[in-house]
Amino acid sequence: MSSRENDKPRHSRSFWLQSVRRLVVKVGTSTLTRGTQTLDASGVEDIVRQISDVRAQGVEVVLVSSGAIAVGLGRLGLARRPTSIGGLQAAASVGQNLLMHSYESLFRAHDLPVGQVLVTAGDLADRRRYVNFGNALNSLFEFGVVPVVNENDSVSVDEIRVGDNDTLAAHVANAVEADLLIVLTDTDGVFTADPHTFSDAARIPFVEGVSAEVTCIAEERHATTRAPGLGTGRMVTKVRAAEIVTASGIPMVLAHGAEEGIIGRVLDGADVGTFFAPAAPRSARRK
Ligand code: GLU
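Reading the values: rules and limits
- Residues numbered from 1 in each chain as written.
- Predicted model: local features only at pLDDT ≥ 70, side-chain atom pairs only at ≥ 80, totals over all residues.
- Heavy atoms only, no water.
- 1 Å grid on protein atoms, 1.4 Å probe; cavity = no way out; pocket = protein on both sides within 12 Å on 5 of 7 lines; lining within 4 Å.
- Points joined across faces, edges and corners; volume = space filled by probe spheres on them.
- Helix = DSSP H or I, 4+ residues; strand = E, 2+ residues; numbered from the N terminus.
- Nonpolar A, V, L, I, M, F, W, Y, C, P; charged D, E, K, R; others polar.
- Pairing = 2+ DSSP bridges.
- Axes fitted to C-alpha atoms, helices over the stretch in contact; angles between N-to-C directions.
- Contact = heavy atoms within 4.5 Å.
- Buried < 20%, exposed > 50% of the residue type's maximum accessible area, 1.4 Å probe, protein only.

Participant: Looking at this structure, I do not really get empty space enclosed by the protein. What am I missing?
Facilitator: Once rolled over the atoms, a probe with the size of a water molecule shows which space is left empty. Summed over the entire model, instances satisfying the criterion amount to one cavity of 30 Å³ or more. As a volume, the largest cavity reaches approximately 60 Å³. Around the largest cavity sit I69, I85, L88, Q89, D153, S156, V157, D158 and R161, which together line it. Broken down by element, the lining of the largest cavity gets its largest block of residues, three residues, from helix α5 (residues 85–108). Class assignment of the residues belonging to the lining of the largest cavity gives a composition of four nonpolar, two polar and three charged.

Participant: What should I look at first to understand the sheet that holds strand β6 (residues 206–208) in this one?
Facilitator: Strand pairing in a sheet is mediated by backbone hydrogen bonds. Such pairs are either parallel or antiparallel. Within the open sheet, the eight strands sit side by side as β3-β4-β2-β1-β5-β7-β8-β6. Their pairing is mixed. The open sheet terminates on both sides in strands that have one partner only, identified here as β3 (114–119) and β6. Across the sheet, the mean angle from the axis of one strand to that of its neighbour is 20°, orientation sign disregarded. Note: strand β1 (residues 22–27) against strand β5 (residues 180–185), five bridges, orientation parallel. In the sheet register, K26 faces β5, and the bridge partner there is V183. Across the sheet, helix α10 (residues 235–247) is in contact with β1, β5, β7 (252–256) and β8 (274–277); its angle to β7 comes to roughly 150°.

Participant: I'm lost on the pairing of β5 in this one. Help?
Facilitator: Looking along a regular strand, one sees side chains alternate from face to face of the sheet. Along β5, six of the six residues are buried, which leaves the element largely enclosed by surrounding structure. Burial along β5 is two-sided: L180, I182 and L184 and L181, V183 and T185, pointing in opposite directions, are all buried. Both β5 and β7 contribute to a ladder of five bridges, which runs parallel. Bridge pairing in β7 places V183 opposite L254.

So yeah, pure geometry; function would need other evidence.
So, in structure tokens, the structure goes:
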């Protein structure tokens, strides 16, 4: 963990961040809605501006965005998340449209076109479809488009769902051979215990691979990402996402989406959030 950060080059963030040319950013519902059922205008604008800044530096970015279901519930006047698949599909269908409408107008102000890409678990499980998915994202890069990816919740049913966008973002990072995955949530990384409950909980700044200890923390001591009562953010899906990408040689950072300029700070190697470093560098993976 942190104490080993400097004993070998690959145990430092700077080793992994020296040439990030392709980035996947996953933004969770909480960051986009701040706990409401509508998009938080300043929160979304802030993410769009940060991604545009990174793009201006020549980095290709895929945005994996949640929020469709929450925003759809608001638009349909539903106080609670429906339990029926049909209700969730309807909310996702309505909300995805609102989400893309916002992204289109906000990215347009930065002169960046956006492209919607919706996937189901089947697109990732079948080799040929997975390759097609990666190719589609690569084509969007060629046209200077910012791909905005979400699960196709309006046609997905339980048994064919990826189910969470942390896992989806990890598969996206693999499909485009990203140099880094940034997962933005509402805590500043993984803590030794839930910081909402334990005042002495300490942030874990650096993890190599995904240790059994960190998995155990995410399953038990720091299981949710939010203060009790606010929602169901789960740490375990984020740690699983880290497991998926680090196994492919791609690092991941889990950080607080509401922190000022967080994407740039992560890329600059600031000591924020939790950095998950792969056990082996990416060049080794490519061989
Ligand atoms: N795809 C869901 C949505 O857009 C979110 C899933 C997740 O947050 O992990 O509402």
